[in-house]
Amino acid sequence: MSPEAIEFHYAARSDIGLVRKNNQDSAYAGPNLLVLADGMGGPAGGDIASSVAIAHLAHLDSESYPADSIAKLLHDSLVDAHDELCERSETDPELKGLGTTCIAIMRAGSKLAMVHIGDSRAYVMRGHTLTQVTTDHSFVQYLVDSGQITPDEAEQHPQRNVVLKILGDSQASVVPDETMRQAVVGDRWLLCSDGLSGVVSGDTIGSVLTEYEDPGECAEKLIDLALRAGGPDNVTCVIADIVPAGTTNQTAPEIVGAAATDRQAPTRGGDGAAARAAALARSTSTHSLSDPDEDAAEPERPRMRWWTIAVGVLAVAAVVLAGFLGYRWSQQQYYAIGEDGAVAIYQGIPQTLGPWAFSHRVEVTSISLASLDNVDRERLQEPVTRSSREEIDAYIAQLAPVSAQGPDGTDAQSGGDRPQSSRSSQSGSQPQPQSLRHSDSSDVEAL
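Values in this document were obtained by computation on a predicted structure and should not be read as measured data. (Residues numbered from 1 in each chain as written. Predicted model: local features only at pLDDT ≥ 70, side-chain atom pairs only at ≥ 80, totals over all residues. Heavy atoms only, no water.)

Draft legend 1. Expanded view of the sheet that holds strand β15 (residues 334-339). Overall, antiparallel pairing links the four strands, which are arranged β17-β16-β15-β18 in an open sheet. The open sheet is flanked by β17 (356-368) and β18 (384-386), the only strands paired with a single partner. Between one strand and the next, the sheet's axes are offset by a mean angle of 30°, whatever the strand orientation. In this structure, β15 lies alongside β18, joined through three bridges in antiparallel fashion. Bridging from a neighbouring strand, A336 pairs with V384 of β18. The strands touched by helix α12 (residues 389-397) within the sheet are β15, β16 (342-353), β17 and β18, with β15 carrying the most contacts at an inclination of about 35°. (Pairing = 2+ DSSP bridges. Helix = DSSP H or I, 4+ residues; strand = E, 2+ residues; numbered from the N terminus. Axes fitted to C-alpha atoms, helices over the stretch in contact; angles between N-to-C directions. Contact = heavy atoms within 4.5 Å.)

Here you go:
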């Protein structure tokens, strides 16, 4: 009996978050291809890196490829993207250290091929069980796998932001995880950057995937939860349901993030304290100067009734209260940044409102920028935020002139201006609830 003909019912969504200045994530969702990339490498590097990955893979969104060729096609396209990123890094000093994570799923008939590198994640929801399909290529995941720390300890580990494998960054070769699977009608796939998995628990992700039927609405809800959790990162989701052929007949791809035409789109915001603080920092007061002659010519306006004045007073009071709460939250935050050749620590958030700054320098460390490796220097070109003094001290403690060593003895790659460098309270490795299980990357036909 031949497998049932299937198709993707898909959606892709992305948000710049509440802290980052630009969106360095990119994602693509089409009838035969799903891709998510989380870029890194300074203000001008991460968005380029993730866009390059999408560009090298997008041409695979076609029904013309046989099932036995799709795994190799994904691999070769990923290698081509890696080679271009390495060449750009070598020829342009401003792009030194750029790189990106990447997850891609390609469909041919009812077969699915997947490639993965980095610490972005793929999940599949089957029934009411959520399974993390990918394994993070991170230093803390290596420590967890080797039994040196527990998953709970990994969440607070000072090197939880160190990524061991990415595309680009002048690595000699790229060896992604590769799997082939049979598509199962009813499965729901989620690809996400660590802007989601770093701040929203696996249990909550599973609940949302079950509750919201439409992929687009589901992706919007997941992003909203990440923003409510502080939105320290770019947040990107790709959701695809495996449905019988002819169910939706979607043909137009959805491209979001740095690879999209609206890559400068502002954040959706939210109603959490972090969103209010970010909105306050972004807002500016502009007052136009009126012409005295025009003022004199205006007829006298009727007096406002008392209830109109009362409503106005209440509205102003609400704005003042929101501003106070946002400012109080901002002063519980800390960030590190390269400044005058050294690493400086600031209390607050890296935002200003007119003449007012929401941060102040509390310490200039003895760590020289010149003593750091290129990746850490690039990373410190923009603020590296943390949610407490203890967390920023832990980050500073792991900045050493000698690069951290990975499990294979090579220099571990830290994510330049990675979004996870600004994780405020979570890491890319989530505790696994009873309903959330983790699959081995070699489990090719498990799902």
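Draft legend 2. Up close: the side chain of Q331. You can see Q331 is positioned in the loop between α10 (306-330) and β15. Looking at Q331, the relative accessible area reads 17%, which means it is buried. (Buried < 20%, exposed > 50% of the residue type's maximum accessible area, 1.4 Å probe, protein only.)

Draft legend 3. Representation of the pattern of salt bridges. Scanning all chains against the criterion turns up 13 salt bridges. Overlapping salt bridges, with partners in common, bring together R13, E220 and E254 in one network. (Salt bridge = Lys/Arg side-chain N within 4 Å of Asp/Glu carboxyl O.)

Draft legend 4. Examining α12 more closely. Taken as a whole, α12 has its buried residues at E391, I392, Y395 and I396. Projected onto a plane normal to the axis of α12, the buried residues spread over an arc of 140° and lie on a single side. Turned more than 90 degrees off the buried face of α12, the exposed positions are E390 and A397. (Arc of directions from axis to C-beta.)

Draft legend 5. Examining the packing of aromatic side chains more closely. Evaluated as defined, the whole model comprises two aromatic pairs. Pairing F139 with Y142 gives two aromatic rings, centres 6.2 Å apart and planes at 35°, and the pair type is tilted. Linking F139 with Y142, this pair stays in helix α3 (residues 139-145), spanning three residues, or about one helical turn. A relative accessible area of 11% places F139 in the buried class. Aromatic side chains Y335 and Y346 sit 5.2 Å apart centroid to centroid with 5° between the ring planes, which places their arrangement in the stacked category. Taken as a pair, Y335 in strand β15 and Y346 in strand β16 lie far apart in primary sequence, eleven residues in all. Given the relative accessible area of 6%, Y335 is considered buried. Given a relative accessible area of 13%, Y346 falls into the buried group. If you follow R107 out to its NZ or CZ, it ends over the ring of F8, 5.8 Å from the centre. (Phe/Tyr/Trp six-rings, centres within 6.5 Å; stacked < 30°, edge-to-face > 60°. Lys NZ or Arg CZ within 6 Å of the ring centre and 35° of its normal.)

The values reported here are purely geometric and, on their own, carry no functional implication.
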